[in-house]
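# Overview (structure and organization)
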Amino acid sequence: MKIVLMIVSILLIAIVLLQAGKAEQASLTGANDSLFKNRKERGGELFITRFTMVLGIIYFVICFIQGF
């Protein structure tokens, strides 16, 4: 179980680093906040976001199981 946890941890770190920063597109003054607020993710971004969520849930469940 510890090997699976390590693999999930490494994958989770890698996939989070691959995600495009949503804050880097916004202006420092905040003038363009409304431009990116309703932007939908598509294609690769959507896959990476969902894969991150799945890996996070798997990581949480494995840690929870190991705790008991």
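Overview of the structure.

What counts as what
Residues numbered from 1 in each chain as written. Predicted model: local features only at pLDDT ≥ 70, side-chain atom pairs only at ≥ 80, totals over all residues. Heavy atoms only, no water. Helix = DSSP H or I, 4+ residues; strand = E, 2+ residues; numbered from the N terminus. Buried < 20%, exposed > 50% of the residue type's maximum accessible area, 1.4 Å probe, protein only. Contact = heavy atoms within 4.5 Å. Areas by Shrake-Rupley, 256 points an atom, 1.4 Å probe, with all protein chains shown as cover. Core = buried A, V, L, I, M, F, W, Y, C linked by side-chain atoms within 4.5 Å. Polar contact = N/O pair within 3.5 Å; in protein donor to acceptor, adjacent residues only side chain to side chain. Axes fitted to C-alpha atoms, helices over the stretch in contact; angles between N-to-C directions. Parallel < 35°, antiparallel > 145°, perpendicular 65-115°, else oblique. Left-handed = near helix turned anticlockwise from the far one by under 90°.

This brings us to the overall build of the protein chain. Helix and strand content of the protein chain: 3 helices and 0 strands. Going from the N terminus to the C terminus, the protein chain shows its helices and strands as α-α-α. Burial statistics for the protein chain: of 68 residues in total, 10% are counted as buried. Within the protein chain, contacts between residues separated by at least 24 positions form 79% of all contacts whose residues are at least 6 apart in sequence. Looking at the protein chain as shown, the accessible area adds up to about 5,700 Å², and 70% of this sits on carbon and sulfur atoms.

Turning our eyes to something else, we now look at the nonpolar core. Membership of the largest hydrophobic core is limited to 6 residues, which are Leu5, Val8, Leu12, Ile15, Leu55 and Ile62. Looking at this core, the elements that each hand over two or more residues are helix H1 (2-18) and helix H3 (44-67). Here this core gets 4 residues from one element, more than from any other, and that element is H1. Leaving out residues up to four positions away in the same chain, Leu55 has contacts with Val8, Leu11, Leu12 and Ile15.

The next thing to look at is the side chain of Thr52. Among the structural elements, Thr52 can be located in helix H3. Here Thr52 falls in the buried class, since its relative accessible area comes to 16%. Among the polar contacts listed, one links the side chain of Thr52 to the backbone oxygen of Ile48, at a separation of 2.7 Å. Ignoring anything within four residues of it in the chain, the contact list for Thr52 reads Leu12, Ile15, Val16 and Gln19.

Helices that pack against each other are described as a pair by the angle of their axes relative to one another and the distance between those axes. Where H1 meets H3, the closest approach of the two axes is 9 Å, and the angle between their N-to-C directions is 150°. As judged from the angle between their axes, H1 and H3 are roughly antiparallel. The chirality of how H1 crosses H3 is left-handed. Listed contacts from H3 to Lys2, Val4, Leu5, Val8, Ser9, Leu11, Leu12, Ile15 and Val16 of H1 are Ile48, Phe51, Thr52, Leu55, Gly56, Ile58, Tyr59, Ile62, Cys63 and Gln66.

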